[in-house]
Amino acid sequence: MKRDNACYITQDDHHQTLLTVEELMNLSCDLKLKQRHRKAEVLTEILENLNLNHRRNVTAEKLSGGERKRLSIALELVDNPNIFFLDEPTSGLDEVTAAQCIRLLRGMSREGRTIVCTIHQPSATIYNCFDSIYVLAKGHCVYQGSPRATIPFLRLAQLDCPRHYSPSDYIIELVDAEDGHLVPALSELTDNGKLIYVASQADIVNPQLESQQAVTTLFVEQPKRPLLPTIFAGSAASTDGTLMSGASALLEQVKAFSERMHNGRHEISGVRQFVVLMRVMMLRILRARLALTIQLFHHLLCGLFFGMIFFQLGNQGARMFDHLKFCIGAVLMIVYTQVMVPILSYPAEVKVVKKETFNRWYTLTPYYMALTISRLPLQVLLNIAFMMVTYWMSGLPEQIWRFGIFVAVGLMISLVAEGMGLAIGATFSITNGSVVGPMMIAPLMGLAVYGFDFAPQITGAMNLLMKFSYVRVGVVAMILAVFGFQREDLDCDDIYCHFSDPRVLLKFLDVEKVSLLHQFGILAMLMLFFRILMYISLRKRCYA
C-alpha cells in the first residue's frame, strides 16, 4: 500500500452510526483506495493486526472504549499514512487497555511510521513506551528527550525524583506547583524546546550520575538534522547522546505538512464519493427502524388528530375561520417537526463529517449532495402520510389533482423547514440549537398569522417583510391549494353564508390575485437560501 501524508485521530471516537466494523472498513476502503481489488485482503489484514477481526459484525456503538480507539486507527490505516496525530488516545480507558493501545502505537512506529500523541498523566509503563517526550507547562517546554533521560535531567536542575515516584508524575507535580517558579528554570535548560535531552549508556548503567557529568556527556553540539522522525521519535538522537537544535527542521516540516493538508489530493472522483456516501446514508436510514417508526407514527397520529378536529368541515361555508385554522395548523405542524429533528440529530453527525473531511475521506460537495438527496424519499413518505389522512378526513374536495397540489405545497414547506433545521444544526450544538430554533420560528409564526382579518389594509412594507417568512408564504400557498382553482361553492346550512363562495374568501384575505407558482418560487428561493447557508456553515466547521 502507498503511504500518503498524515491523519488525525480525535480524543473522542466518532463513527458513522448503525454500521458494523466491517461496513465502516469497507466505507473507508471505497473512499480511499483507487484500486479496490485488494480491498478484502487489506481489510482482513488490518483487523487481524488490531485484534478486531472477531468484532467485524458488531456496530461501532457497541464496541468497548479500547475497541473504538483501535477501530479509529484501523479506519485510517487503510491508505497507510506515514504520520499519525492522536489527541489523548488513552483518555477514558482503563490502565490495561491504555497500555495495550500505546503498545499498539509503538508497534506501528517500529514499522516506519511517525506517531505523535498528546497524553496526560501517563503511568510509568506507558511513559517508557515512548521514544521521545515533550513536556509543556504554562506554554513553555520544560523537558524534551527520551523517557530514560528524565531523571538525569531533573537531577541537573537539582531535583531528585523519589524512588517510589514515576518520573512522569514527578515532573507534572513539579511544574503544577502553585508558585510555578520551576517552569522558567526547566524551560531554560531545554532552551524552550530547542534542545533535546538524551540518555547516554552511562545513565543506564549508573543511574546515580552526577549532574556535571551528565552535562558533559549528554550535551554535545551537532549539526542540525532536518528530519521530522529525529525530532519526534528520537530515532537518531536516542542512540548517540547528542543535543540538537530542531526548531528550523520542525518549522520546515510543519510548513510542508500544512501545505499538503490544505492542498489535499483525492484520487477518488467526486461522483464515486457521491455514490458511496449515498449508498451508506440510505443504508443508515433504513436501519434506523425505531426512528422511522416513531416519525411515521407521529405523522399519522397528527394527521388523525387534525382529521378529527376538522372532520368533514372542509366544505362548510359558515366555518371560514376553521378553514384558516386548518391551513395554519397543518403548516405549523410540518414546520416545527421538520425544523426540530435536524436541530437535535445533526450536530452529532457534524463531528463525524469534520473528522472524515479533515482526513481526506471525501470532499464536502459530494457529501452535501448525498445528504440532500438521501433525505428526500423519507420526506415525501412522511408528508404524504400526514397530508393524506388530514385531507380526506377533513372533507376537502375529492379531486386527485387538488390533493396533489395540497401535498406538493406541504412537501415544499417541509423542504424549506428542513433546510433551516440543517443550517442551525450545522452551526450550533444541540443545546444552543434547541434555543436558536424556536427563537427563529417564533417571529416567522407571528408573521404567518398576522393580518388575515384586515388583509387589504396591510402596508406594502409589511407585505414585503412577510415574504421572508416561509411559514406565511406556506399558509398562503395552502389556502390557494384548498380554495383556489375555481372551486365550487361550499355548502351552507344557515340562512346566509358570506364565505360560501371561495372567491369571496380569497378576496377577503387579499390573495385572489396571488399566483400559486409565485408562492412556490418564493419557497424555492428560501429553500436554496437555507441550504446554501447550511453548506457555508458546514464548510466553516470542517475546513476552518
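Since we're looking at a predicted model, the values are computed, not measured.

> Mind showing me how you'd approach the side chain of T357 here?
As for its placement among the helices and strands, T357 is situated in helix α16 (residues 320-358). Judged by relative accessible area, which is 5%, T357 ranks as buried. Engagement of the side chain of T357 in a polar contact is seen with the backbone oxygen of K354, the distance being 3.2 Å. Beyond its immediate chain neighbours, meaning those up to four positions away, T357 contacts Y362, L364, C542 and Y543.

> What is the right way to look at the nonpolar core in this model?
Soluble globular proteins: nonpolar side chains tend toward being buried together. Within the largest apolar cluster, 80 residues are counted, with the highest numbers of intra-cluster contacts made by I73 and Y367. Ranked by residues supplied to this core, first place goes to helix α4 (residues 95-109) with seven residues. Other than its neighbours up to four places away in sequence, I73 contacts I9, L50, F84, L86, L104, L105 and M108. Membership of the second largest hydrophobic core comes to 63 residues, among which are F403, V473, L505 and L509.

> Looking at this structure, I do not really get the pairing of strand β5 (residues 140-145). What am I missing?
Regular strands show a simple pattern: their side chains alternate between the two faces of the sheet. Burial of β5 is extensive: five of the six residues sit out of reach of the surface. Sheet topology note: the strand β4 (residues 133-137)/β5 ladder contains five bridges and is antiparallel. When the sheet's bridge partners are listed, L136 is paired in β5 with C141. With antiparallel pairing between neighbouring strands as the criterion, β4 and β5 make up a hairpin whose turn holds two residues, including K138 at a positive phi of roughly 55 degrees.

> What should I look at first to understand the confidence of the model for the protein chain in this one?
Looking at the protein chain, the pLDDT average stands at 84 and 86% of residues meet or exceed 70. Scored below 50 in pLDDT, residues 204-247 makes 83 contacts in the model with residues more than four places away or belonging to other chains.

> Would you mind going over the environment of I328 with me for this structure?
Structurally, the position occupied by I328 is in helix α16. Judged by its relative accessible area of 14%, I328 is buried. As for I328 and R472, which are separated by 144 residues in sequence, their C-alpha atoms are 8.7 Å apart. Contact partners of I328, with chain neighbours within four places excluded, come to V449, F452 and V475.

> What am I meant to see in helix α14 (residues 270-287) here?
Along an α-helix, a turn takes 3.6 residues, which lines up residues three or four apart on a common side. Between its first and last C-alpha, α14 extends 26 Å over 18 residues, near the 26 Å set by a 1.5 Å rise per residue. Summarising the contacts, the buried residues of α14 are in contact with α1 (21-32), α16 and α17 (364-374).

> Is there a simple way to think about the side chain of Q379 in this case?
As for its position among the elements, Q379 is in helix α18 (residues 376-393). Among the residues examined, Q379 registers a relative accessible area of 4% and is labelled buried. Not counting residues up to four positions away in its chain, the partners in contact with Q379 are Q338, L411, S414, L415 and E418.

> How should I be thinking about the packing of aromatic side chains in this particular structure?
Any pair of aromatic rings gets described here by the distance separating the centres and the angle formed by the planes. Within this structure, the stated rule accounts for 19 aromatic pairs. Each ring, one from W401 and one from F485, has its centre 6.0 Å from the other, and the planes form 85 degrees; the classification is edge-to-face. Of the two residues, W401 is situated in helix α19 (residues 400-427) and F485 in the loop between α22 (470-483) and α23 (502-508); the sequence distance between them amounts to 84 residues. Looking at F485, the relative accessible area reads 42%, which means it is partly exposed. Grouping aromatic residues by their ring pairs yields a cluster made of F306, F310, F326, F386, Y391, W392, F403 and F406. Here the basic side chain of R472 rests over the ring of F452, its NZ or CZ set 4.2 Å away from the ring centre.

> Please explain a nonpolar patch on the surface as it appears in this structure.
Judged by side-chain polarity, V380, I384, M388, W392 and I400 come together as a nonpolar surface patch covering roughly 420 Å² of accessible area. Structurally, the position occupied by I384 is in helix α18. In this structure I384 comes out as partly exposed when scored by relative accessible area, which is 33%.

> Looking at this structure, I do not really get the packing of helix α3 (residues 65-77) against α4. What am I missing?
Contact geometry for α3 and α4: axes closest at 10 Å, N-to-C directions at 15 degrees. One way to sum up the angle between α3 and α4 is to call them roughly parallel. In the packing of α3 onto α4, the handedness of the crossing is right-handed. Taken together, the residues of α4 that come into contact with α3 (itself represented by G66, K69, R70, I73 and L77) are T97, C101, L104, L105 and M108. Of the residues that constitute the contact of α3 with α4, the class distribution is six nonpolar, two polar and two charged.

Basis of the calculations
- Residues numbered from 1 in each chain as written.
- Predicted model: local features only at pLDDT ≥ 70, side-chain atom pairs only at ≥ 80, totals over all residues.
- Heavy atoms only, no water.
- Helix = DSSP H or I, 4+ residues; strand = E, 2+ residues; numbered from the N terminus.
- Buried < 20%, exposed > 50% of the residue type's maximum accessible area, 1.4 Å probe, protein only.
- Polar contact = N/O pair within 3.5 Å; in protein donor to acceptor, adjacent residues only side chain to side chain.
- Contact = heavy atoms within 4.5 Å.
- Core = buried A, V, L, I, M, F, W, Y, C linked by side-chain atoms within 4.5 Å.
- Pairing = 2+ DSSP bridges.
- pLDDT = per-residue confidence, 0-100.
- Expected span 1.5 Å × (residues − 1).
- Phe/Tyr/Trp six-rings, centres within 6.5 Å; stacked < 30°, edge-to-face > 60°.
- Lys NZ or Arg CZ within 6 Å of the ring centre and 35° of its normal.
- Patch = residues over 30% accessible without salt bridge, like charges linked within 9 Å, V, L, I, M, F, W, Y side chains within 5 Å.
- Areas by Shrake-Rupley, 256 points an atom, 1.4 Å probe, with all protein chains shown as cover.
- Salt bridge = Lys/Arg side-chain N within 4 Å of Asp/Glu carboxyl O.
- Axes fitted to C-alpha atoms, helices over the stretch in contact; angles between N-to-C directions.
- Parallel < 35°, antiparallel > 145°, perpendicular 65-115°, else oblique.
- Left-handed = near helix turned anticlockwise from the far one by under 90°.
- Nonpolar A, V, L, I, M, F, W, Y, C, P; charged D, E, K, R; others polar.

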